[in-house]
Amino acid sequence: MKLLSIETSCDDTAISIMEVTGGATNASFKILANVSNSQINIHQPFGGVYPVLAKREHAKNLPILLEEILKQTKLDKKDKPVDVIAVTYGPGLEMCLWEGIVFAKKLAEEWSAGGRIKKVPVIPVNHMEGHVLSVFGKDKGKFKIPPIKFPMLSLLVSGGHTQLVLTKKPARLNSRSGGWMDYEIIGETLDDAVGEAFDKVARMLELPYPGGPHISKLAEEERQKKNKSIIKFPRPMLYSKNFDFSYAGLKTAVLYFLKKNPKADKAQIALEFENAAIECLTYKTAKATEKYKIKTLIVAGGVAANKHLIRELKKVIKKINPIRGHEGSQRPSASNGTRLLFPTQGLSGDNSLMIGIAGYLNFIKNKKKVPKSETIKATGNLRL
Ligand code: KG4
Ligand code: ZN
C-alpha cells in the first residue's frame, strides 16, 4: 500500500510517500519521494524558532510540497493517490503540529469522499517514536526493519529532548502500549535539552542558528589540531545515582566564563563545551547499557549527527563488551554484543520518513482500532 507521511512539529515541513508491505516482523519500505522545506533562514535572525512564523510557513508550504511530491511520483490527486496517511501529533510546537494534522485530515476526507468503500485512515505518530525508529530507515531506495535484539535502549537527543528510553520486549500485536513498542523513560533532562544547550552556547559565541553543527565543527577542528582543552566546564549530574541529565548549569558556566573572559578563544570554548555535554550523555548511557544488559543501543534525534558523540559511544560500548567487541554501524551485524545504531545523515534531524516508518508499524499493529480522525489532537507535551 502507499503511505503519505507528514512532519510539521518544529521548523521543518516534510512530506514523503512510501510503498509499504509486510507485517510487524517483515515490514518493508520503498521510498517513492521525499520532499521538505527547512525554515532555518527564516528563524536565524531570531536565534531560535519563532512559532508564529513557523506555523505560517507550514501552512504555506504543505500544499506546495504536496503538489511537488505528486508530480515526482506521478500520482493523481483526484484518484486517491495513497491508502494511509501518517502525521506527527506531538511533541512539538502545538500551533505547528495543528497545521500538519488539519492538512492530513483534509486530504483523508477528500480522498475518502465520493462513495469510496475504503476510507483513508489517518495515523497519529509520536515524533519521538519516529526518532527511535529512524535508525532503521534510509533516505533513498528500499529498506526493511531488521530483527531487533532486546533489551533495547534509546538515547534521544534533540533540541527539545534528552532521554534514555528502555524497551524490554518486542512489540506485540494489539498490545495496549501507545506506540509500536513499549517505552519506559528511565532518565531525562531536568532542565534544558542537550541540543538546546548547544544552540544557546552557539548564540553566546555569535554562531548562527541552529548552533549544534557550528559548535561541533569548531570543536572538531580544534581536536584535529591536537589542541587540548585548557578550559574546564562542569559535567552536571555526572555521578548522580540516576539516569537523569542537566544542562542549565553547563550553559550558565559558559556564560559566566565568557563574561569574565570576553576575549577567550571561541574554538577552545566550543571544544570544552562539547566534551562536557557529550561526556554526560555517554557516561549515563554506558551505565544504563551495563545495568540493563542492553543488546541494541539506539542514538537518535538531531544531536545524533554529532561525530564526537558517536565516536565516544563506540568507545564505551567496546569497554562494556571487550571480548565480543563491537562496531557502530547503521546496518545491524550478527554480533552478540551491544549493537549501536544511529541514523543516516538525512534521518537524524526532523524528517517525514521516520514518521512514515512509525506510522506504518503502528497501523499494522493496531489495524482494528484506527482512531477516528476527529479525535486526533496536537499534543505539544506528548510523552513516549
Ligand atoms: O531532532 P531535531 O532536528 O529537532 C528537534 O526535534 O528538536 O534536533 C535539532 C537539534 C538542534 O538543537 C541542533 O543544534 C542539534 O539538533 N544538532 C546538533 C548537531 N546537528 C544538529 N547538535 C550537536 N552536534 C551536531 N552535529
Ligand atoms: Zn525531532
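These numbers come from a predicted model, not from an experiment. (Residues numbered from 1 in each chain as written. Chains lettered and ligands numbered in written order. Predicted model: local features only at pLDDT ≥ 70, side-chain atom pairs only at ≥ 80, totals over all residues. Heavy atoms only, no water.)

Caption draft 1: Layout of the sheet that holds strand β5 (residues 122-126). An order of β5-β4-β1-β2-β3-β6 is seen for the six strands of this open sheet, with the pairing classed as mixed. Two strands bound the open sheet, and with one partner strand each, they are β5 and β6 (142-144). Sheet twist, expressed as the mean angle between neighbouring strand axes with direction ignored, is 30 degrees. Across three bridges, the pairing between strand β3 (residues 28-38) and β6 is antiparallel. Bridged to Ser 28 within β6 is Lys 144. In this fold helix α3 (residues 94-112) packs onto β1 (2-7), β2 (12-21), β4 (84-90) and β5, with an angle of close to 160 degrees to the strand it touches most, β4. (Pairing = 2+ DSSP bridges. Helix = DSSP H or I, 4+ residues; strand = E, 2+ residues; numbered from the N terminus. Axes fitted to C-alpha atoms, helices over the stretch in contact; angles between N-to-C directions. Contact = heavy atoms within 4.5 Å.)

Caption draft 2: Structural view of the nonpolar core. The biggest cluster of nonpolar side chains holds 43 residues, and the ones touching the most others in it are Leu 155, Tyr 247, Phe 273, Leu 281 and Val 299. For this core, the secondary-structure elements that each account for two or more residues are β7 (152-157), β8 (162-167), α5 (194-204), α7 (248-260), α8 (266-291), β10 (296-300) and α9 (307-320). Residue contributions to this core peak at 10 residues, all from α8. Once residues lying within four places of it in the same chain are set aside, the contact partners of Leu 281 are Leu 155, Val 157, Thr 162, Val 194, Phe 245, Tyr 247 and Leu 309. (Core = buried A, V, L, I, M, F, W, Y, C linked by side-chain atoms within 4.5 Å. Buried < 20%, exposed > 50% of the residue type's maximum accessible area, 1.4 Å probe, protein only.)

Caption draft 3: Spotlight on the site of ligand 1. Taken together, 19 residues are adjacent to ligand 1, and Gly 159, Asp 199, Gly 212, Gly 302 and Asn 306 come closest. Gly 212 is positioned with one of its backbone polar atoms (N or O) 3.1 Å from an oxygen atom of ligand 1. Here ligand 1 has 560 Å² of accessible area as a free molecule, and 85% of this is covered by the chains. For the shell around ligand 1, the residue count by class is five nonpolar, 12 polar and two charged. (Near = heavy atom within 4 Å. Polar contact = N/O pair within 3.5 Å; in protein donor to acceptor, adjacent residues only side chain to side chain. Areas by Shrake-Rupley, 256 points an atom, 1.4 Å probe, with all protein chains shown as cover. Nonpolar A, V, L, I, M, F, W, Y, C, P; charged D, E, K, R; others polar.)

Caption draft 4: Here's a closer look at unusual backbone geometry. Cis geometry is found at the peptide bond from Gly 90 to Pro 91, where omega equals -10 degrees. Among the secondary structure elements, Pro 91 is positioned in the loop between β4 and α3. Cis geometry marks the peptide bond from Phe 150 to Pro 151, where omega comes out at 0 degrees. Residue position: Pro 151 is located in the loop between β6 and β7. Although it is not a glycine, Glu 206 adopts a positive phi angle of roughly 60 degrees. Note on placement: Glu 206 falls in the loop between α5 and α6 (212-224). Unusually for a residue other than glycine, Met 237 sits at a positive phi of about 65 degrees. Along the polypeptide, Met 237 turns up in the loop between α6 and α7.

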